Amino acid sequence: MSRTRVVVTGMGLLSPMGIGVEENWKRLRAGESGIGPITRFDTSEFPTKIAGEVRNFDGTQWIQKRMLRQMDVFIQYAVAASFECMQSAGLEEGSFDPDRFGVYVGAGLGGIATMEETKAKLIETGSPRRSFSPYFVPALIINLAPGQISIMHGLRGPNFSHCSACSTGAHSIGEAARLIERGDADLMIAGGSEATITELGVGGFNASRALSTRNDEPEKASRPFDKDRDGFVMGEGAGLLVLESLEHAQARGAKIVAELVGYAANSDAHHITSPAPGGIGAQKCMRLALRDAGLEPESIGYINAHGTGTLADAIETNAIREVFGKHAYELAVSSTKSMHGHLLGAAGGIEAAISCLALRDGVLPPTINLDDPDPECDLDYIPKVARERSVEYAMSNSFGFGGTNATLIFKRVG
């Protein structure tokens, strides 16, 4: 029996690169950095003082002011991105069956800012009665991101969150596609959202020595595959896709951005934070995704790597070499985290969208700050400058704490 084909018909992006898909894509193609000094809190006692913040965000552009207090910032980001998704996909009331339109949007940490603010108020006032909003819990729990999206747009299909650390966005997209393939939905909004540039978020990753401390040169701090990389740079935002069955998209005359042809998920079963030696879990995940897509490794022309700017870059590189053999040196690889930072639970969403845009426009985004490649990182990482190249298939990798892995494969259309 043939499998239902799933296509991408809309996208929504907010990131340190800007608000909106085309603004993000313009800056990514230009090789610009969205990293700068942290403005949200006093960093004088923190080893890391830089991050990729979403700038000039005004939630009232999408959400009534009275409703903002019901939503942590990560939910606001998700809701904002969902409106761009709907608009870009040409989805208007009456153009779809709301009972067959669902939402899978997750986060890695959820409403950490709401937790911090409420705890600070409790300490200040000493009064639980005066400190807790009735919206405290709905504002911070992860599944209220898809919940609020479904409420805003009247979408009555399946609605819940995946939470798998830095693989969250990719898992959400892949599992949403499975739902459509099974015939349980016609359309899904899927991806991830995150807003963790807070004292707890930065402090926690600092304690594990995971973050870059290149504070004097923020725009050069995120350095995937470079010999002088010293940790990842936190980012924030949301990356969402509209997934749709090909038949449904064609019936309503939708413009198709790309086709999602492969997805896989697995586990290292090795360590809470470190990848398995040699990237064995990542290897298996990429091979499973290729099998799901019915492709040989030589079909892939571009990989949007997980590429965080940590020691794991060499492990991912080795995994790519093992899976692709000689072709590993012919395909192009880049880490756009060099520009927008690591969006944690939203990373897989924004990077899936970037992979689709690369296929759409025949432009492969660069890895900036690659001044002196690590000898163990010896692939073509598209250093510093975007490259015009039309490729048929793009792969996007996302790997997270707990050894959780996700790989997506997209196909160019048209």
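Predicted model only: the values in this text are computed from it and were never measured.

Draft legend 1. Quick look at the pattern of salt bridges. Summed over all chains, the structure comprises 27 salt bridges. For Arg 182, the salt bridge is made with Asp 184, and the minimal N-O distance between the two is 3.1 Å. In this structure, Asp 313 engages Arg 229 in a salt bridge whose closest nitrogen and oxygen atoms are separated by 3.5 Å. With Asp 313 in helix H11 (residues 312–324) and Arg 229 in the loop between helix H8 (199–207) and strand S8 (237–245), the pair connects residues that are 84 residues apart, well separated along the chain. Look at Asp 313 and you get buried, because its relative accessible area is 1%. In this structure Arg 229 comes out as buried when scored by relative accessible area, which is 13%.

Draft legend 2. How the structure looks around helix H3 (residues 112–125). When the terminal C-alpha atoms of H3 are compared, their 20 Å separation across 14 residues agrees well with the 20 Å that a helix rising 1.5 Å per residue should span. Those residues of H3 not exposed but buried are Ile 112, Ala 113, Thr 114, Glu 116 and Thr 118. Where H3 is buried, its residues meet helix H4 (128–131), helix H5 (136–140) and H8. Just downstream of H3 lies Gly 126, where phi reads positive at about 70°.

Draft legend 3. Fine view of the pairing of strand S1 (residues 6–15). The element S1 is largely enclosed, with a buried count of 10 among its 10 residues. As defined by bridge partners, S1 adjoins strand S9 (residues 258–267) across 3 bridges and the pair is classed as antiparallel. Across the sheet, residue Val 6 finds its bridge partner in S9, namely Leu 260. Both S1 and S8 contribute to a ladder of 8 bridges, which runs antiparallel. Counterpart to Met 11 in the pairing with S8 is Leu 241. Sheet topology note: the S1/strand S2 (residues 18–19) ladder contains 2 bridges and is antiparallel. By the bridge assignment for S2, Leu 14 is matched with Ile 19. The turn joining S1 and S2, which pair antiparallel and follow one another in sequence, is formed by 2 residues.

Draft legend 4. Local environment of unusual backbone geometry. The backbone of Ala 165 sits at a positive phi, close to 55°, despite the residue not being glycine. Along the chain, Ala 165 turns up in the loop between strand S6 (159–160) and helix H7 (168–181). A residue is classified by how much of its surface remains accessible, and Ala 165, at 22% relative accessible area, is partly exposed. In this structure, Lys 384 is a non-glycine residue whose phi angle is positive, near 70°. Its place among the elements puts Lys 384 in the loop between strand S12 (363–364) and strand S13 (387–388).

Draft legend 5. Spotlight on the packing of aromatic side chains. The tally for this structure, following the rule as stated, stands at 9 aromatic pairs. Relative to Trp 62, the ring of Phe 57 lies with its centre 5.4 Å away and its plane at 15°, an arrangement referred to as stacked. Exposure remark for Trp 62: the relative accessible area of 22% places this residue in the partly exposed category. Aromatic pair Phe 57 and Tyr 77: ring centres 4.9 Å apart, planes at 85°, arrangement edge-to-face. Separated by 20 residues along the polypeptide, Phe 57 in the loop between strand S4 (50–51) and helix H2 (73–88) and Tyr 77 in helix H2 bring together distant segments of the chain. With relative accessibility at 2%, the residue Tyr 77 sits in the buried group.

Draft legend 6. Summary view of the pairing of S9. The buried fraction of S9 is high, at 8 of 10 residues. Sheet topology note: the S9/strand S15 (residues 404–411) ladder contains 8 bridges and is antiparallel. Counted as the bridge partner of Gly 262 is Ile 409 from S15.

Draft legend 7. Representation of the side chain of Ser 131 in the model. Residue position: Ser 131 is located in helix H4. Reaching out from Ser 131, the side chain makes a polar contact with the backbone nitrogen of Leu 122 at a distance of 3.5 Å. At a separation of 2.7 Å, a polar atom in the side chain of Ser 131 contacts the side chain of Thr 125. Excluding residues within four positions of it along the chain, Ser 131 makes contact with Thr 118, Lys 121, Leu 122 and Thr 125.

Draft legend 8. Structural view of the state of the cysteines. Applying the stated criterion to the full structure yields 0 disulfides. Just so you know, Cys 85 is unpaired, no disulfide at all, and the nearest cysteine sulfur is the one on Cys 356, 11 Å from it. On the basis of relative accessible area, Cys 85 is assigned to the buried category, the value being 0%. The thiol sulfur of Cys 166 is not disulfide-bonded, and the nearest other cysteine sulfur, from Cys 163, lies at 10 Å. Of the residues examined, Cys 166 reaches a relative accessible area of 11% and is grouped as buried.

Criteria and cut-off values
- Here the residue numbering is sequential within each chain, running from 1 through the sequence in written order.
- Totals for whole chains, interfaces and linings use every residue, but because this is a predicted model, local features are given only for residues with pLDDT of at least 70 and side-chain atom pairs only at 80 or more, for both listing and counting.
- Side-chain numbers here rest on the full set of heavy atoms in the structure, without hydrogens or water.
- Put simply, a salt bridge is a Lys or Arg side-chain nitrogen that is within 4 Å of an Asp or Glu carboxyl oxygen.
- Each helix corresponds to a stretch of at least 4 residues labelled H or I by DSSP, and each strand to a stretch of at least 2 residues labelled E; elements are numbered beginning at the N terminus.
- Between buried and exposed lies partly exposed: a residue is buried under 20% and exposed over 50% of the maximum accessible area for its type, with that area taken using a 1.4 Å probe on protein chains only.
- The span you would expect from a helix comes to 1.5 Å times its residue count less one.
- Residues count as neighbours in contact if any of their non-hydrogen atoms are within 4.5 Å of one another.
- Any two strands with at least two DSSP-identified bridges between them are counted as paired.
- Stacked, tilted and edge-to-face are the three classes applied to pairs of Phe, Tyr and Trp rings, where Trp contributes its six-membered ring and a pair requires centres within 6.5 Å; stacked means planes under 30 degrees apart, edge-to-face means over 60, and tilted covers the rest.
- Contacts described as polar in this section are N or O atom pairs within 3.5 Å, which, within protein, must combine one atom able to donate a hydrogen with one able to accept it, while residues neighboring in sequence count only if both atoms come from side chains.
- Here, two cysteine sulfur atoms that lie within 2.5 Å of each other are counted as a disulfide.

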